[in-house]
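Listed below, chain by chain, are the residues.
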Amino acid sequence: MEIRELIIDIVLTIVMVISTVVLVMRFWQDLTIAIAATFMMLSLGGLLISLGMKIVSLEESITQRERTIRVNMEEMGKTMTAKYENTVSHIEEIVDGLSRRMYR
């Protein structure tokens, strides 16, 4: 995931932190509470960004597994078709052999 994709989340986190600082400083005018609320909003914003990155990572993983499964299914289909053709030809050879024996 690139920084360009995270810019909106980062900007929203900064806005959330600034609004929290302004809100806390306006109501209580206590620096300790303002700093604690700022760190709390920073951690919440970081958590949301981290969660978004993990979701994107899971989507990419699912897409990759889907491709792998699709390729494996195609290979298995080809293998099964080859085995089927081999079995059919073997059965045809047996039937031809039996037909020859019966008509002799």
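Here, every reference points to the structure presented above.
A quick note: this is a predicted structure, and the numbers were derived from the prediction, not measured. (Residues numbered from 1 in each chain as written. Predicted model: local features only at pLDDT ≥ 70, side-chain atom pairs only at ≥ 80, totals over all residues. Heavy atoms only, no water.)

Q: Would you take a moment to explain the overall build of the protein for this structure?
A: Tallying secondary structure elements over the protein gives 2 helices and 0 strands in all. At 33 Å, the protein has a C-alpha radius of gyration far larger than the 13 Å of a compact globule built from 104 residues. Projected onto its principal axes, the C-alpha coordinates of the protein cover approximately 110 × 20 × 15 Å. Classification of the 104 residues of the protein by burial places 11% in the buried group. Carbon and sulfur atoms make up 65% of the accessible area of the protein, which amounts to about 9,200 Å² in all. If the 11 positive side-chain charges of the protein are averaged to one point and the 13 negative ones to another, these points end up 6 Å apart. (Helix = DSSP H or I, 4+ residues; strand = E, 2+ residues; numbered from the N terminus. Rg over C-alpha atoms; globule rule 2.2 N^0.38 Å. Buried < 20%, exposed > 50% of the residue type's maximum accessible area, 1.4 Å probe, protein only. Areas by Shrake-Rupley, 256 points an atom, 1.4 Å probe, with all protein chains shown as cover. Lys, Arg positive; Asp, Glu negative; His and termini not counted. Charge placed at Lys NZ, Arg CZ, Asp CG, Glu CD.)

Q: Sorry if this is basic, but what is going on with the pattern of salt bridges here?
A: Between side chains of opposite charge, pairing is possible as soon as their charged atoms come close. Tallying each qualifying case throughout the model produces 1 salt bridge. Two residues, Glu-66 and Arg-70, come together in a salt bridge whose shortest N-O distance is 2.9 Å. One end of the pair, Glu-66, and the other, Arg-70, are both in helix H2 (residues 31–103), 4 residues apart, so they sit about a helical turn from each other. Residue Arg-70 is classed as partly exposed on the basis of its relative accessible area, which comes to 44%. (Salt bridge = Lys/Arg side-chain N within 4 Å of Asp/Glu carboxyl O.)

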